[in-house]
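Breakdown of the fold
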Amino acid sequence: MFAVVSSENINTYHLPFNINYNSLSKPTQKQVDCLAQNIYHEAGRETREGQIAVALVTLNRLASGNYANDICGVVNQKTNGMCQFSWVCQPFFTTKQDNSLYNSIRDLAVYVVMNYDNMKDVTHGATYYHADYVNPQWGLPKTTQIGRHIFYKRYTDTQTMKKEKIGRAHV
């Protein structure tokens, strides 16, 4: 497990954290892998900012306390039989197609997980997004658009969100 950075011990650490995937514990690697798969399938061909935005939505859901209790749970969660991330319910998406891209995204996933507490949230607290070519008519407040994704937040998610919940001890 990793230490949680707080205002009391922030000067102890050299931020941002740059940690190698192989130095993570096996349970933490599993959580990072789930996040990397989500980024890969949802935003693999987006800009780096778009990839980070998808990662942040995933972690914002975890931090809200209104979804699953870990990253893999958030990624694989179904509501009324519907996958929250469409690729999860489409088995042809489950294989890695571009190892170089996936490895880059996995490194990004490690970075985002380890630095989430101190990152600027480019989604402005979003817990939902969709591609710009669909209109799910959610009726949620839009926070931003990054690349091909439009981001939204649900008021009840952002009211309970505590970024420190993620911490390095909770992945």
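Quick caveat, the model's predicted, so the values are computed rather than measured. (Residues numbered from 1 in each chain as written. Predicted model: local features only at pLDDT ≥ 70, side-chain atom pairs only at ≥ 80, totals over all residues. Heavy atoms only, no water.)

Right, let's get into the pattern of salt bridges. Per the counting criterion, the structure on display carries 2 salt bridges. Taking the shortest distance from any N to any O, the salt bridge between Asp157 and Arg154 comes out at 2.8 Å. For Asp157, a relative accessible area of 0% translates into the label buried. (Salt bridge = Lys/Arg side-chain N within 4 Å of Asp/Glu carboxyl O. Buried < 20%, exposed > 50% of the residue type's maximum accessible area, 1.4 Å probe, protein only.)

Take the sheet that holds strand E5 (residues 149-152) next. The 3 strands are arranged E3-E5-E4 in an open sheet whose pairing can be described as antiparallel. For this open sheet the edge positions go to strand E3 (128-131) and strand E4 (142-146), each flanked by a neighbour on one side alone. Sheet twist, expressed as the average angle between the axes of neighbouring strands with direction ignored, equals 20 degrees. Looking at chain direction, E3 and E5 are connected through 4 bridges and run antiparallel. Bridge pairing in E5 links Tyr129 to Phe151. (Pairing = 2+ DSSP bridges. Helix = DSSP H or I, 4+ residues; strand = E, 2+ residues; numbered from the N terminus. Axes fitted to C-alpha atoms, helices over the stretch in contact; angles between N-to-C directions.)

Structurally, the position occupied by Asp70 is in the loop between helix H2 (48-64) and helix H3 (71-76). Asp70 sits in the partly exposed class, given a relative accessible area of 28%. A polar side-chain atom of Asp70 sits 2.6 Å from the main-chain amide nitrogen of Gly73. (Polar contact = N/O pair within 3.5 Å; in protein donor to acceptor, adjacent residues only side chain to side chain.)

Along the chain, the position of His130 falls in strand E3. At a separation of 3.3 Å, a polar atom in the side chain of His130 contacts the main-chain carbonyl oxygen of Val134. Setting aside anything within four residues of it in sequence, one finds His130 in contact with Pro136, Trp138, Arg148, His149, Ile150 and Tyr152. (Contact = heavy atoms within 4.5 Å.)

Now for the packing of aromatic side chains. In the structure shown here, the tally under the stated rule is 6 aromatic pairs. For the pair Tyr40 and Tyr102, a centre-to-centre distance of 5.9 Å together with 70 degrees between the ring planes defines the contact as edge-to-face. Pair noted here: Tyr40 is in helix H1 (residues 26-43) and Tyr102 is in helix H4 (residues 99-115), with a separation of 62 residues, a long-range link. What makes Tyr102 buried here is its relative accessible area of 4%. Between the aromatic rings of Phe85 and Tyr129, the centroid separation amounts to 6.1 Å while the plane-to-plane angle is 40 degrees, which identifies the pairing as tilted. Placement of Phe85 in the loop between strand E2 (82-83) and H4 and of Tyr129 in strand E3 is noted, with a sequence separation of 44 residues between them. Each member of the pair, Phe85 together with Tyr129, is buried. Cluster of aromatic residues (ring-pair linked, three or more members): Tyr67, Tyr128, Trp138 and Tyr152. Of note, Arg61 hangs over the ring of Tyr128, and the distance from its end group to the ring centre comes to 4.6 Å. (Phe/Tyr/Trp six-rings, centres within 6.5 Å; stacked < 30°, edge-to-face > 60°. Lys NZ or Arg CZ within 6 Å of the ring centre and 35° of its normal.)

So, to be careful, I would describe these as geometric facts and stop short of saying anything about function.
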